[in-house]
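# Report on the structure
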Amino acid sequence: MPVATTEERALVMGILNVTPDSFSDGGNWFEADRAIARGFELIAEGADIVDVGGESTRPGAALVPVEEELRRVLPVVTALGPHVRVSIDTTKEVVAEAAAAAGATLINDVSATLWPVAARCGVGWVAMHRSAGPATMQEDPRYDDVVTEVRDLLAERAGQAADAGVNEIWIDPGIGFGKTVQHNLELLAGIDTLVATGFPVLVGTSRKAFLGVLATGPDGVPAPVAERLPGSLATATWAICQGAGMVRVHDVAATVQATLLVGRPTGGIRNAGSMLDMEDGS
Ligand code: HH2
């Protein structure tokens, strides 16, 4: 089977949370050596980018002081930077700047405010939408039209970043950040609206709570984190089919396989004709 290059599929951003309290993998890779080893696993699984974060964004998560966040992420960014593209998942200017100096080339910014840092450091920037900080974001979130409001805010920020000279800008609807299950579904249904802005779109649904709710069992209990791979893959695949250029995931190997199948507009199911020379169709 021909091996697809990243030109032929959407990009996969592998999640590396160097935190004690992230919602799905908190504490698993909290020590630097374990985090670095996990980073190499993500590379081996096919991650195009490893997203290093030192502060959980889950609802109610504790805020992490700057010095502690630097202590968590810098050794990991430094060790992985020569081997893979590294993004830094932070909302702190100082952390973003130090991570860029240590080798990160993309700032993954869930606050959508750090474009001046990206411009100054000459790195890419992800603008993610959220309605408020982690302390309050899930308290009765409301929108008149969630897709339009999210699109408008992201397009405005991305335009400001472009004017400031940032030359790689991604927009991300922020699934689960101040959104109900219904809001998340509307945003997924409306990804093409974000794509129509012309900015490349990143989507992160991996293992999130709404997938558990939608997979509630006959006992009335939502599917736990460890049982959300099917929903994670289905939503990542859906997002790519709607035009997303990158997905942010915990389960890199499985997602890479899905992205290879779906392909970019030039390959995979979306242009099956180009695959006809594949030998074994069984
Ligand atoms: N989701 C999380 C964190 N960062 N960044 C982007 N761009 N998009 C997302 O959807 C996104 C993100 C939350 O997931 P996770 O990192 O697994 O959990 P935690 O914040 O608890 O560390």
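The coordinates are above.
A few points on the structure. (Residues numbered from 1 in each chain as written. Predicted model: local features only at pLDDT ≥ 70, side-chain atom pairs only at ≥ 80, totals over all residues. Heavy atoms only, no water.)

### Description of a negative patch on the surface
Spelled out, the test is: Grouping into patches uses exposed residues only, defined as over 30% relative accessible area, and leaves out salt-bridged ones; the cut-off is 9 Å for like charges and 5 Å for nonpolar side chains (Val, Leu, Ile, Met, Phe, Trp, Tyr). Here the Shrake-Rupley method, with its probe set to 1.4 Å, supplies the accessible areas, and only the displayed protein chains count as covering residues. A carboxyl oxygen of Asp or Glu within 4 Å of a side-chain nitrogen of Lys or Arg is what we treat as a salt bridge. Only four residue types enter the tally: Lys and Arg on the positive side, Asp and Glu on the negative side, with His and both chain ends excluded. We put the charge of a Lys on NZ, of an Arg on CZ, of an Asp on CG and of a Glu on CD. Runs of H or I in DSSP of at least four residues are treated as helices and runs of E of at least two as strands, each being numbered from the N terminus. Relative accessibility decides the category of a residue: with a 1.4 Å probe and only protein chains considered, values under 20% of the type maximum give buried, values over 50% give exposed, and everything between is partly exposed.
On the surface, a cluster of negative charge is contributed by Asp144, Asp145, Glu149 and Glu186. If you trace the backbone, Glu149 turns up in helix α5 (residues 146-164). For Glu149, a relative accessible area of 33% corresponds to the partly exposed category.

### Topic: the site of the ligand
The line we're drawing: What makes a residue near a molecule or strand is one non-hydrogen atom of that residue sitting within 4 Å of it. Between N or O atoms, a polar contact is any pair within 3.5 Å; within protein, one atom must be a potential hydrogen donor and the other a potential acceptor, and residues adjacent in sequence are included only when both atoms are from side chains. Gly counts as polar in this scheme, as do all residues outside two lists: the nonpolar Ala, Val, Leu, Ile, Met, Phe, Trp, Tyr, Cys and Pro, and the charged Asp, Glu, Lys and Arg.
Near the ligand, the surroundings consist of 18 residues, among which Ser22, Ser56, Thr57, Asn108 and Lys208 are the closest. Taking Asn17, its side chain carries an N or O atom lying 3.3 Å from an oxygen atom of the ligand. Here the ligand, which alone exposes 480 Å², has 98% of that area covered by the protein. Here the residues of the shell around the ligand are counted per class, giving six nonpolar, seven polar and five charged.

### Describing the pairing of strand β2 (residues 49-53)
Which entries qualify depends on this criterion: When DSSP finds at least two bridges between two strands, those strands are taken to pair. Seen with the strands pointing away from the viewer, any crossover whose path from the first strand over the helix to the second strand runs clockwise is right-handed.
Extensive coverage of β2 is indicated by the burial of five of its five residues. Residues Ile49, Asp51 and Gly53 of β2 are buried on one face, and the alternating residues Val50 and Val52, pointing to the opposite face, are buried as well. In the sheet, strand β1 (residues 11-17) pairs with β2 via five bridges, with the strands oriented parallel. Counted as the bridge partner of Leu16 is Val52 from β2. With respect to chirality, the unit in which β1 leads through helix α1 (residues 32-45) into the neighbouring parallel β2 is right-handed. Pairing between β2 and strand β3 (residues 85-89): five bridges, direction parallel. Along β3, the bridge assignment pairs Val52 with Ile88. A crossover links β2 with its parallel partner β3, the connecting element being helix α2 (residues 66-80), and its sense is right-handed.

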